[in-house]
Amino acid sequence: MEHLNPGGLGLSPSSTGVGQEIYSLSERLFPICRSITGDGVRRTLDILSEQVDLERHEVPTGTQVFDWTVPQEWNIRSASITGPDGQTVVDFADSNLHVVNYSMPFKGTLPLDELRRHIHTLPEQPGLIPYRTSYYAPTWGFCVAHDRVAKMPEGLYRVEIDAELKDGCLTYGEYLHRGQTEREFLLSAHICHPSLANDNCSGLALLATLARSLKARKTRYSYRFLFAPGTIGALAWLSRNEDRTYLIDHGLVLSCLGDAGSPAYKRSRRGDAFIDRAMAHVLGGEAGAKLMDFSPYGYDERQYCSPGFNLPVGMFQRSVHGTFPEYHTSADNLDFIRPEHLEDSFRILTEVIDIVEEDWTPLNLFPKGEPQLGKRGLYAALGGQKSSGATSMSLLWVLNLADGQHSLLAMAERSGLPFWELAAAAKLLLDHGLLAAAL
Amino acid sequence: MEHLNPGGLGLSPSSTGVGQEIYSLSERLFPICRSITGDGVRRTLDILSEQVDLERHEVPTGTQVFDWTVPQEWNIRSASITGPDGQTVVDFADSNLHVVNYSMPFKGTLPLDELRRHIHTLPEQPGLIPYRTSYYAPTWGFCVAHDRVAKMPEGLYRVEIDAELKDGCLTYGEYLHRGQTEREFLLSAHICHPSLANDNCSGLALLATLARSLKARKTRYSYRFLFAPGTIGALAWLSRNEDRTYLIDHGLVLSCLGDAGSPAYKRSRRGDAFIDRAMAHVLGGEAGAKLMDFSPYGYDERQYCSPGFNLPVGMFQRSVHGTFPEYHTSADNLDFIRPEHLEDSFRILTEVIDIVEEDWTPLNLFPKGEPQLGKRGLYAALGGQKSSGATSMSLLWVLNLADGQHSLLAMAERSGLPFWELAAAAKLLLDHGLLAAAL
Amino acid sequence: MEHLNPGGLGLSPSSTGVGQEIYSLSERLFPICRSITGDGVRRTLDILSEQVDLERHEVPTGTQVFDWTVPQEWNIRSASITGPDGQTVVDFADSNLHVVNYSMPFKGTLPLDELRRHIHTLPEQPGLIPYRTSYYAPTWGFCVAHDRVAKMPEGLYRVEIDAELKDGCLTYGEYLHRGQTEREFLLSAHICHPSLANDNCSGLALLATLARSLKARKTRYSYRFLFAPGTIGALAWLSRNEDRTYLIDHGLVLSCLGDAGSPAYKRSRRGDAFIDRAMAHVLGGEAGAKLMDFSPYGYDERQYCSPGFNLPVGMFQRSVHGTFPEYHTSADNLDFIRPEHLEDSFRILTEVIDIVEEDWTPLNLFPKGEPQLGKRGLYAALGGQKSSGATSMSLLWVLNLADGQHSLLAMAERSGLPFWELAAAAKLLLDHGLLAAAL
């Protein structure tokens, strides 16, 4: 789709180089060992706060959030497996994926057979370290490349996981860009994954960059950026903001935004929310884009779209989580994401925001027959098609559908024309006194 | 579709060998010369009564049923055509199809030319005897293989049809399996065809066997099994039960259930009745299955779906009547139906009954966010997937759609998962206090 | 689609030779130089008035019609370009397309370079004269074959356009065939194009012929035939009849009805108006027929379907305007249209009128079960299928859907049977006392 969004909207034109910025930010987030609680989340929020002034929330261990309880805080200093020959076989310092996330502390010496019961591998991807968690069942474990484990000789292994589980807090950050109204657009990314670049350093970095770029812009909607641990973090936020979720008119969960896959959108549970239609319109112009119906598996749209909330929140990603071979392995590293893909995701997101911001419902003030465009120079103005982006067809469609029942997005859906061509036409017609805004 | 119906429901697991039982019953029904009235129907009901205790109804000749009048009772003892050489050319004793069903009695000697006007053949299937009736226009006639007639020499033929038409009764049988409620599932098969194995010895035998198998089962719905002559029999039943048809929530007309064709379902006139959706769900998993919209031609769904009743009654068959070459000919014999096809039809029917019985509308008692399945052992319980048939996805779908607006069948339609997987998940969630039944 | 419309409806059977009549009438209209105002329109209405007694309306220059003002009246006597050698290069007498329609008068001598700025050609169709207008921007100009202009030598050219622009009137004609009710079917064709045979001598001639053929027929609907200049003429009519547009139940704009293309229909803005459904039904039986959604570009459906009116008016044509190479060129001449195509368009139009006239909503008086057709001879009556056009299936469909919610057209849509087969069946059932007309 040719993008005719007039420059005045501010986001898209400034996006040159933004892909590199998001990539650099992802690079800084990548090494940190995050979990659903602990200092990794806090260090991540520190870095994101350089972009926008994040409000940080600490929810104490034991706090009830709906059916769940905030767990203890987990922090880890080091972990390793030392072989019979005294050599270090596996070291947390090499990759924080090596330790099962939220693993209990452990120190001991075990024969290989017994140790193996605590080691996770990927036999079909023998060179990669898997990513495993054990948040709600106390255990300890390691994740190791299958090839490496195969080479471990029989004998006694010394194991040490210098981790700590104790009462503390669950941490999340949020930033509210205040618009002209209290109606909200919620943008949410999970902050609980350790060194996985696409899932979700990409989403965190992109969201913080978007928040920063939005600061200079006057918007109709208020934009809430939420950086929270998966599931328990989203639930904690919902629990604390239950009485104001009615303000959320649009929402997106963001993850996996930097890989080479085509953009993909999973609809909200409602299926026909404005965000669903706007994303479908934008992705309709993107080669290979995927539109999927809601299903209750994925990221935090599971919580936002639970039946007690049923919020208009969809999910935007590139390669669909769980379907690409790098997913939840050490191959989801900084080589897997690219500045150009991050930039493309950023652009799509700003186009959707622009539609949310700029959609309105025109009312034709000359509804009986067509008004005479020629005497107003509107055919001439269109001849060159230089600045406005409007075409004769877009003018005619807007006039014809401006019965107070069609917003610009609805006009785009019915006419098959790009939103921005219709928006430009509506602006031109408004300026010439042919339209008013419907109430 | 993999069938995950837990054993407790009783029907499917006991179906081993049921195909042979239905076939054997069909064999016994096959030789009888049935018509819309007469002793053939009574003898058929005698045999079916060995399965379940049928209530028999006798509706006197002359009784007005809506726009129709119950005709005289027809019985036939013998019929034959004897050639110029004294040899018997056609004998009712060889096949009851040889006489036009409901034929007037006749005795006389005719030249071949005149006789031919009373003989029906199938020139394009010259070896087969056609099936013809003349219920409401008084005439006499024979049905003979075209090849046989071609070999008949000129000369005088002696014809005798020792039949009787006199005031008597129209007979039908019904059996009511009482469930916990008075709401009914109507299962109806026509009993008026003579020696046609698929159409409808198969339907009669299958229905009686199903009725018997249902006796041991406690059901929510009451199941009414109706064995009635086509059209006039269904109308007689409707006429006598007009004030209670409102109790019918689901219904199926059954015929042609033993041939090798794929299962086929014709929707009720409503098109979106529960039975239409349940049959679509079950047949969705059957290779080659056909779903057809209602049309006012076929069997007694024509009467049940007439505009004054418009009952939720569809039609289940295998090869679609009127489209297979054996239809209404002597080739629709006991070789044309097979135990395995009868068993398959029986299985499909029990699956649909199971859905009707087991569908319910869950209400999520923890609708805000997902409840924590792990602490209830529901992830573990699912790991093995041994007994419950539930999967993680089915648990998540049930929880997500349990807003009181989706029954299990609606969940199956939306999720694309099998009904029984969702039913098992809902049972598990109910047992763990996560669901209640919506009112 | 086989056309089973019983002869009593009068139109179709009399259509033999009608294609030649319409063609001959088109031939007479072709040479006239029409514009949005002026004597060309009046001379055209004179000829059309030979078919039916047209009411002629003169709307004075300066009259306000909605957002528009009736322009001055334009008349032209002659126009030519004379070359440096004194030879006439371009002459209005050869083709009235040579002068830009509504051109200002002009007289002068110009060098070739300057003249060229006033000459329009079609470089990609170098042998054809384009059709150009300049109704609302005062200018003068010629339209010439590109090849001809290429051969014009340098030098001074004498140009003369003997035209006149002065206060006068805009002229349109209308004819009302009064039916039993005031509810109207509007048929509208633009009368402003000069020598373009398909666009729209064909539409004008066909409409006048249809009006004449309708005179002898008693109809339920009143039929309004409107011959008006494009845009401003339709607006003038709407402006003068604003308070009675509510009477319009059906409408068609007609143009380009004589070429070899398949019939095409563009739906009204409503999309599901009766005329949209009736045209879809008729075109459903025509090979290659096109159905298109409304778009606000085309002919006067733009005005009738503007949001302040939103009338149920579609557009019927053959080759879609703007898509065939002859469109708006001198190749749209009398060779481009053929009697057989005009006749085919006429037939389609009469079939649609017949559906509009003959549609009704039957109510089954024997809604419980099927009534007994046999005892009324309705099976026998159907055997031959000679006069009625009804079949067993059409009788059964009508009875089944005659619940007061389905008109014959709705029955045709649901059953897939031709309207006329169902109409014949309904007539037969009505005659036998089985149906009544729903209120």
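See above for the structure.
Residues numbered from 1 in each chain as written. Chains lettered and ligands numbered in written order. Predicted model: local features only at pLDDT ≥ 70, side-chain atom pairs only at ≥ 80, totals over all residues. Heavy atoms only, no water.

Chemist: Got a sec to walk through the overall build of chain A? Specific residues and values, please.
Modeler: Each helix and strand counted, chain A has 13 helices and 18 strands in total. Element-wise, carbon and sulfur atoms account for 49% of the exposed surface of chain A, whose accessible area totals about 16,300 Å². Between the averaged position of the 40 positive side-chain charges in chain A and that of its 53 negative side-chain charges there is a distance of 4 Å. (Helix = DSSP H or I, 4+ residues; strand = E, 2+ residues; numbered from the N terminus. Areas by Shrake-Rupley, 256 points an atom, 1.4 Å probe, with all protein chains shown as cover. Lys, Arg positive; Asp, Glu negative; His and termini not counted. Charge placed at Lys NZ, Arg CZ, Asp CG, Glu CD.)

Chemist: Tell me about the pattern of salt bridges, and name the residues and values.
Modeler: Across all of its chains, the model carries 81 salt bridges over all chains by this definition. Residues Asp 249 of chain A and Arg 183 of chain A are paired through a salt bridge, measuring 2.6 Å at the closest nitrogen-oxygen approach. Here the residue Asp 249 of chain A occupies a position in strand 13 (residues 248-254), and Arg 183 of chain A occupies one in the loop between strand 10 (169-177) and strand 11 (184-190), the gap between them amounting to 66 residues. Overall, Arg 183 of chain A belongs to the partly exposed group, its relative accessible area being 28%. For Glu 286 of chain B, the salt bridge identified is with Arg 347 of chain B, shortest N-O distance 3.0 Å. Taken together, the residues span a long stretch of sequence, with Glu 286 of chain B in the loop between helix 7 (274-283) and strand 15 (290-292) and Arg 347 of chain B in helix 9 (residues 339-358) at a distance of 61 residues. Taking the relative accessible area as the measure of exposure, Glu 286 of chain B reaches 16% and is therefore buried. Linked through salt bridges whose partners overlap, the residues forming this network are Glu 286, Arg 318, Asp 344, Arg 347 and Glu 351 of chain A. (Salt bridge = Lys/Arg side-chain N within 4 Å of Asp/Glu carboxyl O. Buried < 20%, exposed > 50% of the residue type's maximum accessible area, 1.4 Å probe, protein only.)

Chemist: Tell me about the interface of chain B and chain A, and please be specific about residues and values.
Modeler: Each side of the interface is counted separately: chain B has 20 residues, and chain A has 19 residues. Summing both partners gives a buried area of about 1,700 Å² for chain B against chain A, and 50% of it is carried by carbon and sulfur. It is Lys 368, Glu 370 and Asn 400 of chain B in chain B that bury the most area against chain A; as a group they hold 39% of the surface buried on that side. On inspection of chain B and its partner chain A, the count reaches five salt bridges. In this structure, Arg 302 of chain A and Glu 370 of chain B form a salt bridge, with 2.6 Å as the shortest nitrogen-oxygen distance. On the surface where chain B and chain A come into contact, there are 14 residue pairs in polar contact (both at pLDDT 80 or more). Here the side of chain B that touches chain A gets six residues from one element, more than from any other, and that element is helix 11 (residues 392-401) of chain B. (Contact = heavy atoms within 4.5 Å. Buried area = accessible area lost by both parts, 1.4 Å probe. Polar contact = N/O pair within 3.5 Å; in protein donor to acceptor, adjacent residues only side chain to side chain.)

Chemist: Explain the interface of chain B and chain C to me, and be specific about the residues and the numbers.
Modeler: Counting residues at the interface gives 19 residues for chain B, matched by 20 residues for chain C. Summed over both sides, the interface of chain B with chain C buries roughly 1,700 Å², with 49% coming from carbon and sulfur. The largest contributions to the chain B side of the interface with chain C come from Asp 67, Arg 269 and Pro 296 of chain B, which together make up 37% of the buried area. Arg 269 of chain B serves as the salt-bridge partner of Asp 403 of chain C, at 2.8 Å between the closest nitrogen and oxygen. The interface formed by chain B and chain C includes 14 residue pairs in polar contact (both at pLDDT 80 or more).

Chemist: Explain the packing of aromatic side chains to me, using residue names and the numbers behind them.
Modeler: All chains considered together, the criterion is met by 36 aromatic pairs over all chains. Between the aromatic rings of Phe 66 of chain A and Phe 309 of chain A, the centroid separation amounts to 5.7 Å while the plane-to-plane angle is 65°, which identifies the pairing as edge-to-face. Of this pair, Phe 66 of chain A sits in the loop between strand 2 (64-65) and strand 3 (68-69) while Phe 309 of chain A sits in the loop between helix 8 (301-304) and strand 16 (313-317); the two residues are 243 residues apart in sequence, bridging distant segments of the chain. Consider the rings of Phe 185 of chain C and Tyr 223 of chain C, whose centres lie 5.4 Å apart with planes at 25°: the pair is stacked. Of this pair, Phe 185 of chain C sits in strand 11 (residues 184-190) while Tyr 223 of chain C sits in strand 12 (residues 222-228); the two residues are 38 residues apart in sequence, bridging distant segments of the chain. One aromatic cluster is present, built from ring pairs that chain together Trp 68, Trp 74, Tyr 102, Tyr 135 and Tyr 136 of chain A. (Phe/Tyr/Trp six-rings, centres within 6.5 Å; stacked < 30°, edge-to-face > 60°.)

Chemist: Break down the relation of the copies chain B and chain C for me, citing the residues and quoting the values.
Modeler: Of the two same-sequence chains, chain B is brought onto chain C (RMSD 0.0 Å, axial shift 0.1 Å) by a rotation of 120°. Classification of the inter-copy transformation places it as that of a three-fold axis. When C-alpha distances to the rotation axis are compared across chain B, the minimum falls at Asp 272 of chain B, with a value of 13 Å. (Least-squares fit on C-alpha atoms with pLDDT ≥ 70 in both.)

Chemist: Any chance you could break down helix 7 (residues 274-283) of chain C for me, citing the residues and the numbers?
Modeler: In terms of burial, helix 7 of chain C is a largely internal element, eight of the ten residues being buried. Where helix 7 of chain C is concerned, the buried positions are Phe 274, Ile 275, Asp 276, Ala 278, Met 279, His 281, Val 282 and Leu 283 of chain C.

Chemist: Describe in detail the pairing of strand 11 of chain C, supporting the description with residues and values.
Modeler: All names here are of chain C. Most of strand 11 sits inside the fold, with seven of its seven residues counted as buried. Strand direction decides the pairing type here: strand 11 and strand 12, joined by seven bridges, are parallel. Paired with Phe 185 across the two strands is Tyr 223, which belongs to strand 12. Regarding topology, helix 5 (residues 197-214) serves as the crossover connection from strand 11 to the parallel strand 12, and that connection is right-handed. Alignment of strand 11 against strand 13 (residues 248-254), held across five bridges, turns out to be parallel. By the bridge assignment for strand 13, Glu 184 is matched with Ile 248. (Pairing = 2+ DSSP bridges. Right-handed = clockwise from strand over helix to strand, strands pointing away.)

Chemist: How would you explain the sheet that holds strand 13 of chain A if you had to name every residue and give the values?
Modeler: Residue and element names in this part refer to chain A. Spatially, 1-10-12-11-13-16-14-15 is the arrangement adopted by the eight strands of the open sheet, whose pairing is mixed. Every interior strand has two partners, whereas the edge strands, strand 1 (55-60) and strand 15 (290-292), have only one. The average undirected angle you get between the axes of adjacent strands in this sheet is 20°. As paired strands, strand 13 and strand 16 are joined by four bridges and run parallel to one another. Note on strand 16: the bridge partner recorded for Leu 252 is Gly 314. Along the sheet, helix 2 (residues 39-49) contacts strand 1, strand 10 and strand 12 (222-228); its crossing angle with strand 10, the most-contacted strand, is approximately 15°. (Axes fitted to C-alpha atoms, helices over the stretch in contact; angles between N-to-C directions.)

Chemist: Could you give an account of the packing of helix 1 (residues 18-29) of chain B against helix 5 (residues 197-214) of chain B, naming the residues involved and the relevant values?
Modeler: All names here are of chain B. Helix 5 packs onto helix 1 with a crossing angle of 130° between their chain directions and a minimal axis gap of 8 Å. Comparing their axes, helix 5 and helix 1 come out oblique. Relative to helix 5, helix 1 is oriented so that their crossing is right-handed. Facing Val 18, Glu 21, Ile 22, Leu 25, Ser 26 and Leu 29 of helix 1, the residues of helix 5 in contact are Cys 201, Ser 202, Leu 204, Ala 205, Leu 206, Ala 208, Thr 209 and Arg 212. (Parallel < 35°, antiparallel > 145°, perpendicular 65-115°, else oblique. Left-handed = near helix turned anticlockwise from the far one by under 90°.)

Chemist: So what's going on with the packing of helix 1 of chain B against helix 9 of chain B? Residues and values would help.
Modeler: Residues and elements named next belong to chain B. Between helix 1 and helix 9, the least distance of the axes is 7 Å, while the angle of their chain directions is 110°. Taken together, the axes of helix 1 and helix 9 lie roughly perpendicular to each other. Like other packed secondary-structure pairs, helix 1 and helix 9 cross with a definite hand, here right-handed. Across the interface between the two elements, Val 18, Gly 19, Gln 20, Ile 22 and Tyr 23 from helix 1 touch Pro 339, Leu 342, Glu 343 and Phe 346 from helix 9. Residue classes in the contact of helix 1 with helix 9 are distributed as six nonpolar, two polar and one charged. (Nonpolar A, V, L, I, M, F, W, Y, C, P; charged D, E, K, R; others polar.)

Chemist: Tell me about the sheet that holds strand 10 (residues 169-177) of chain C, and name the residues and values.
Modeler: Within a sheet, neighbouring strands are paired by backbone hydrogen bonds and run either parallel or antiparallel to one another. All names here are of chain C. A sheet is described by the order of its strands in space; here eight strands give the open sequence 1-10-12-11-13-16-14-15, paired in mixed fashion. Strands with a single pairing partner mark the edges of an open sheet, and in this sheet they are strand 1 (55-60) and strand 15 (290-292). Strand-to-strand, the axes of this sheet are offset by a mean angle of 20°, without reference to chain direction. For strand 1 and strand 10, the ladder comprises six bridges, and the chain directions are antiparallel. Paired with Glu 55 across the two strands is Glu 174, which belongs to strand 10. Packing against the sheet, helix 5 makes contact with strand 10, strand 11, strand 12 and strand 13, and its axis sits at approximately 150° to strand 11.

Chemist: How would you summarise the environment of Glu 242 of chain A if you had to cite specific residues and measurements?
Modeler: Among the structural elements, Glu 242 of chain A can be located in the loop between helix 6 (232-240) and strand 13. Of the residues examined, Glu 242 of chain A reaches a relative accessible area of 30% and is grouped as partly exposed. Once the C-alpha coordinates of Glu 242 of chain A and Thr 109 of chain A are considered, the two residues, 133 residues apart in sequence, prove to be 49 Å apart. In this structure the side chain of Glu 242 of chain A is engaged in a polar contact, spanning 2.3 Å, whose partner is the side chain of Lys 368 of chain B.

Chemist: I'd like to hear about the environment of Pro 296 of chain A, residue by residue, with values.
Modeler: Locating Pro 296 of chain A in the fold gives a position in the loop between strand 15 and helix 8. For Pro 296 of chain A, a relative accessible area of 2% gives the class buried. As for Pro 296 of chain A and Ile 232 of chain A, which are separated by 64 residues in sequence, their C-alpha atoms are 16 Å apart. Aside from chain neighbours lying at most four places away, what touches Pro 296 of chain A is Arg 302 of chain A together with Glu 370, Met 393, Leu 396, Trp 397 and Asn 400 of chain B.

Chemist: Break down the side chain of Asp 67 of chain A for me, citing the residues and quoting the values.
Modeler: Relative to the assigned elements, Asp 67 of chain A resides in the loop between strand 2 and strand 3. According to the relative accessible area criterion, Asp 67 of chain A is buried, its value standing at 7%. Among the polar contacts listed, one links the side chain of Asp 67 of chain A to the side chain of Arg 376 of chain B, at a separation of 2.7 Å. If we skip the residues at most four places from it in the chain, Asp 67 of chain A touches Phe 366, Pro 371, Gln 372, Lys 375 and Arg 376 of chain B.

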